[in-house]
Amino acid sequence: MDLISEKAIEAYVKNTTLKQMLIVPAILLLLSLSILAYTTYKTGSPVELGLEFKGGTAIYLDSPKTPDQLKEDFRAFNVVQAREYGASGERKILQFGPMDSSSKDELIKKVKSEFTNVEIRDMGEQFSKTLQSQAIRAIIISFIFMAIVVFVIFKTIVPSIAVLISAFADIAFAAAMMDIFGIFLSLGTVAALLMLIGYSVDTDILLTTRLLKRKGEINDKIKDAMKTGMTMTTTTLGALIALFVVSSGFISSFLLIDIIRDISIVLIFGLIADIINTWMTNLGILRWYIERGTRRIEKRIEKPKRKGQRA
């Protein structure tokens, strides 16, 4: 049985106009940018920074207490945030700003004596700033090289811009969902965003190559590319959802792995956005570009015929 319905693809390709293709991705991108702008205004960063990029001490523990109760218990320390962390509701994270060694020792002693399944992560403030600049540099360089490679492959500006817009929209949506669901920007989630850049470009290049470099009727080429691309993406989504379920501790608390859970959920959001941006934004722009080129060729052919008829 096919994962993707050919009839549904055919109906979508035939009945959807350019405006209809672009309106949903445009609204989604505006919402994503609005969320990122609000988070920037509130915290100074588009995505809330995790321990690796902000510095301080993060403590993961199991407790039936609410985050507000825990924050009250630790008010004597430089507590920055307390929130739930995990699917069960028992797992909590307490994040503390930089503090002196005696205060930190007292904090660790208190946590270990009162709570179970304690995990402590510590990061120096100066080192965190270095990591932050390196992460930003890595994402920017990835986009630059991606743009160069795409332009070299297709040698035309419109398809290249369409690929870049789609990739940017994927990253923006994934980052906005990180803000909505309280996922910090960590080394793991930066890796997920970089992987997402590669995956989104992969599906966009698949679509662009099929449409620009293969012969045949445009709707047939779109259907062929869409079936292949959607099958790839839904298969990957299935694997990521399984990874998220396992790493979130739904099956067993022993399998709870926070960094794997965060990576998988960022990639899930990114691939959902990639489905929309590849098969609506990029497809709409490419179809407009190809049809416009076809009309220009037809006009050039018609002009000599009209001159011959007048003679």
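Note that the structure is predicted; figures quoted are calculated from it, not measured. (Residues numbered from 1 in each chain as written. Predicted model: local features only at pLDDT ≥ 70, side-chain atom pairs only at ≥ 80, totals over all residues. Heavy atoms only, no water.)

**Student:** Outline the overall build of the protein, supporting the account with residue identities and numerical values.
**Tutor:** When you go through the protein residue by residue, the secondary structure sums to 10 helices and four strands. Reading the protein from its N end, one meets helices and strands in the order α-α-α-β-α-β-β-α-β-α-α-α-α-α. When the 311 residues of the protein are sorted by exposure, 42% land in the buried category. Partitioning the intrachain contacts of the protein with sequence separation of at least 6 by distance along the chain shows that 76% fall at a separation of at least 24. Counting every atom, the protein has about 16900 Å² of accessible surface; 63% of that belongs to carbon and sulfur. (Helix = DSSP H or I, 4+ residues; strand = E, 2+ residues; numbered from the N terminus. Buried < 20%, exposed > 50% of the residue type's maximum accessible area, 1.4 Å probe, protein only. Contact = heavy atoms within 4.5 Å. Areas by Shrake-Rupley, 256 points an atom, 1.4 Å probe, with all protein chains shown as cover.)

**Student:** Break down a nonpolar patch on the surface for me, with residues and values.
**Tutor:** Together, Ile136, Ile140, Ile141, Ile144, Phe145, Ile148 and Val152 make up a nonpolar patch on the protein surface, roughly 650 Å² of accessible area in all. Relative to the elements of secondary structure, Ile141 occurs in helix H6 (residues 125-154). The class of Ile141 is partly exposed, set by a relative accessible area of 37%. (Patch = residues over 30% accessible without salt bridge, like charges linked within 9 Å, V, L, I, M, F, W, Y side chains within 5 Å. Salt bridge = Lys/Arg side-chain N within 4 Å of Asp/Glu carboxyl O.)

**Student:** Could you give an account of the packing of aromatic side chains, with specific residues and numbers?
**Tutor:** For the coordinates displayed, the defined rule picks out five aromatic pairs. Ring centres of Phe181 and Phe269 lie 5.2 Å apart, and the angle between their planes is 25 degrees; on these two criteria the pair is classed as stacked. One end of the pair, Phe181, is in the loop between helix H7 (157-180) and helix H8 (187-213); the other, Phe269, is in helix H10 (residues 258-310), and 88 residues separate them in sequence. Here Phe181 falls in the partly exposed class, since its relative accessible area comes to 48%. Using a relative accessible area of 14% as the deciding quantity, one classes Phe269 as buried. Site record: aromatic cluster; members linked through ring pairs are Phe74, Phe77, Phe96 and Phe115. A cation over a ring is seen here: Lys110 above Phe74, with NZ or CZ 5.3 Å from the ring centre. (Phe/Tyr/Trp six-rings, centres within 6.5 Å; stacked < 30°, edge-to-face > 60°. Lys NZ or Arg CZ within 6 Å of the ring centre and 35° of its normal.)

**Student:** Residues and numbers for the side chain of Ser63, please.
**Tutor:** Mapped onto the elements of the fold, Ser63 is located in the loop between strand E1 (56-62) and helix H4 (67-73). When its relative accessible area of 1% is taken as the criterion, Ser63 is described as buried. For Ser63, the side chain forms a polar contact with the main-chain nitrogen of Lys65, separated by 3.1 Å. (Polar contact = N/O pair within 3.5 Å; in protein donor to acceptor, adjacent residues only side chain to side chain.)

**Student:** Would you mind going over H7 in detail, with residue names and values included?
**Tutor:** In this model H7 runs 35 Å from its N-terminal to its C-terminal C-alpha over 24 residues, within 8% of the 34 Å that 1.5 Å per residue would give. Of all 24 residues that make up H7, 17 are buried, and the element is covered over most of its length. At the exit of H7 stands Gly182, carrying a positive phi of roughly 70 degrees. (Expected span 1.5 Å × (residues − 1).)

**Student:** I'd like a description of the UniProt feature "transmembrane region" (unreviewed entry) in the protein, backed by residues and values.
**Tutor:** Feature annotation in UniProt assigns "transmembrane region" (unreviewed entry) to the following positions: residues 21-41, 135-154, 161-184, 190-212, 233-257 and 263-290. Measuring from the first to the last C-alpha atom of residues 21-41 gives 31 Å, for a span that is 100% helix and 0% strand. Between the C-alpha atoms that bound residues 161-184 the distance is 30 Å, and the span itself is 83% helix and 0% strand. (UniProt positions renumbered as here; feature names shortened; annotations may be inferred.)

**Student:** Quick rundown of the sheet that holds strand E4 (residues 116-123)? Include the residues and the values.
**Tutor:** The strand order across the open sheet built from four strands is E2-E3-E1-E4, with neighbouring strands paired in antiparallel fashion. A single partner strand is all that each edge strand has here, and the edge strands are strand E2 (79-84) and E4. Each strand axis lies, on average, 15 degrees off the axis of its neighbour in the sheet, ignoring direction. (Pairing = 2+ DSSP bridges. Axes fitted to C-alpha atoms, helices over the stretch in contact; angles between N-to-C directions.)

**Student:** Can you explain the pairing of E1? Please cite residues and give values.
**Tutor:** Within E1, six of the seven residues are buried, leaving the element largely enclosed by the surrounding structure. Two strands pair when backbone bridges link them, and E1 and E4 are joined in this way by six bridges, in the antiparallel orientation. Bridge assignment links Gly56 to a residue of E4, and that residue is Met123. Taken together, the six bridges between E1 and strand E3 (residues 91-96) define a ladder with antiparallel strand orientation. The residue of E3 that forms the bridge with Tyr60 is Ile93.

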